[in-house]
Amino acid sequence: MSILIKTSNINEQRLWQTLMELAEIGASPNRDQGITRLSLSEEELEAKQYVIQLMKEVGLEVRMDAVGNVIGKLNGTDPLAPSVIVGSHTDTVNHGGGFDGALGVLGAIEAVRSMKEANVTLTHSIEVISFTDEEGSRFGTGYIGSKAMAGVLKEDAFELTDQNGISYREAFIKAKLDPTKYKEAVRKPEEMKAYIEMHIEQGKVLEEMDLSVGIVTDIQGPVWLEVQLEGSADHAGATPMNMRKDASLVMAEVMLDVEKTAISHQGVGTVGSLKVEPGGVNIIPGKAVFTVDLRHVDSHERQLMVKDVYLSVAKASEKRGITWTIEVKKEVDPASCSPEIVKILEESFQELQFPVAKLPCGAGHDSLIMSKLTNMGMIFVRSKDGISHNPKEWTSKGDCAAGTEVLFQSLIKLAK
């Protein structure tokens with residue numbers, strides 16, 4: 001029996017309407033292929049404009065920084081006090097859903113709109129941020145907006161290219177952003193009191209517990225590896241088994257080892273993208289390229305997982321006469337949520353008479369990067385069937401409102 005949660009401060013229908021309006025941007029004609037808003041694409045830029053217009057309607061001071069982060073500010077009474085930062089992102093993966101990232105941005109806007117309507121007085125300003133390129137789906141590396149803000153974005157990111165050969169630098173220029181000015185997005189830790197992010201869980205834990213919302217304790221940090229294997233593309237019929245240099249077999253061995261190391265270290269590991277060449281039915285694969293995604297809440301354990309993958313690639317390649325290279329595409333340290341913010345979230349749950357549930361986060365978020373600047377906390381909202389990064393991604397209207405109610409209460413406590 002689901003626990004019925006009633007919200008009193010949040011306009012549930014208004015929040016839902018904004019979610020559905022944003023979901024139209026980048027949606028496939030009949031929604032069967034989901035929503036695609038890749039970083040700095042026409043669709044993602046349209047989403048930025050939607051957020052800007054919504055922020056202006058709410059009465060926030062709105063600006064876009066040097067890397068395209070959209071920032072809406074609700075001023076507090078003390079202009080010298082550090083801001084409370086809240087937000088997420090509006091870019092998606094290919095054929096994604098309408099709640100990943102979007103709920104965190106639109107829920108934050110709804111929360112501050114409700115504060116203005118209730119004439120809530122705050123000492124600290126609240127800044128709602130929609131970050132640029134959290135997902136990394138277009139150029140192969142994510143957290144561009146939050147990395148720039150934290151001062152850890154590297155200039156070589158602008159040399160990355162998408163599948164059409166367009167560089168990040170070119171995409172910036174086309175979006176009327178100057179890639180040479182990315183350092184202007186850097187913020188100082190003393191400018192921020194806290195960062196809080198609401199996000200759909202993208203897993204099944206809350207659903208199994210029959211709860212609408214939960215409190216995140218830790219966030220796993222991802223390492224993305226790209227492995228390239230070079231063998232020999234020989235004839236499938238004329239080459240004896242003992243004379244082959246089949247790159248795909250090395251890949252297959254490593255894939256199984258990724259599973260083993262993830263289980264043994266109590267982390268997670270995924271081989272998500274695979275490509276073999278030449279790709280003919282009667283040709284031995286002479287080249288294989290694949291990705292490995294490794295995650296753990298403990299940096300040391302994750303590094304041991306990475307070491308295991310390197311050893312696996314080297315061992316399997318030597319056995320089959322294959323040459324190999326591994327490139328680290330992305331590496332973000334895991335992070336623990338601030339005990340102070342977790343306590344504030346607990347208080348909000350209790351005041352709202354919501355059951356308190358704490359759980360770790362397996363997906364990466366801008367919260368990982370923002371934890372380098374300030375105290376960080378996260379609210380999770382239930383995902384139907386645990387599905388995300390998929391057209392079937394769904395979070396109910398009531399659950400969206402429940403998470404936003406917690407966000408509303410917690411932001412007031414942080415900004416009072």
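Everything below is about the structure shown above.
Here is a short report on the structure shown in this document. (Residues numbered from 1 in each chain as written. Predicted model: local features only at pLDDT ≥ 70, side-chain atom pairs only at ≥ 80, totals over all residues. Heavy atoms only, no water.)

Here arginine 14 lies in helix α1 (residues 12-23). Filtering out sequence-adjacent residues up to four positions away, arginine 14 remains in contact with Glu110, Arg113, Ser114 and Glu117. (Helix = DSSP H or I, 4+ residues; strand = E, 2+ residues; numbered from the N terminus. Contact = heavy atoms within 4.5 Å.)

So, on to the packing of helix α3 (residues 102-117) against helix α11 (residues 397-415). The interhelical angle for the contact between α3 and α11, taken along N-to-C directions, is 55 degrees, at an axis separation of 9 Å. As the angle between them shows, α3 and α11 are arranged oblique. When the axes of α3 and α11 are compared, the crossing they make is right-handed. Contacts from Leu103, Gly107, Ala108, Glu110, Ala111, Ser114 and Met115 in α3 reach Cys400, Thr404, Leu407, Phe408, Leu411 and Ile412 in α11. The class makeup of the residues in the contact of α3 with α11 is nine nonpolar, three polar and one charged. (Axes fitted to C-alpha atoms, helices over the stretch in contact; angles between N-to-C directions. Parallel < 35°, antiparallel > 145°, perpendicular 65-115°, else oblique. Left-handed = near helix turned anticlockwise from the far one by under 90°. Nonpolar A, V, L, I, M, F, W, Y, C, P; charged D, E, K, R; others polar.)

Here the bond from glutamate 277 into proline 278 is cis, since omega is 5 degrees, no more than 30 degrees from zero. Despite not being glycine, leucine 40 has its phi angle at roughly 60 degrees, a positive value. Tracing the backbone through its elements, the reader meets leucine 40 in the loop between α1 and α2 (42-58). One non-glycine residue, aspartate 133, adopts positive backbone phi at about 45 degrees. Secondary-structure assignment places aspartate 133 in the loop between β4 (126-131) and α4 (144-150).

A few words now on α1. Given 3.6 residues per turn, any residue in an α-helix points the same way as the ones three and four places further on. Here α1 spans 17 Å end to end across 12 residues, near enough to the 16 Å set by a 1.5 Å rise per residue. When we look at burial in α1, the residues that qualify are Arg14, Leu15, Trp16, Thr18, Leu19, Leu22 and Ala23. Contact partners of the buried residues in α1: α2, α3 and α11. (Expected span 1.5 Å × (residues − 1). Buried < 20%, exposed > 50% of the residue type's maximum accessible area, 1.4 Å probe, protein only.)

On to the pattern of salt bridges, then. As enumerated under the stated definition, the model contains 19 salt bridges in all. A salt bridge links lysine 48 to glutamate 44; its shortest N-O distance comes to 3.2 Å. Linking lysine 48 with glutamate 44, this pair stays in helix α2, spanning four residues, or about one helical turn. Judged by relative accessible area, lysine 48 falls into the buried class, the value being 2%. Between aspartate 210 and arginine 382 there is a salt bridge whose closest N-O contact spans 3.4 Å. Here the residue aspartate 210 occupies a position in the loop between α6 (205-209) and β6 (213-219), and arginine 382 occupies one in the loop between β14 (376-381) and α11, the gap between them amounting to 172 residues. (Salt bridge = Lys/Arg side-chain N within 4 Å of Asp/Glu carboxyl O.)

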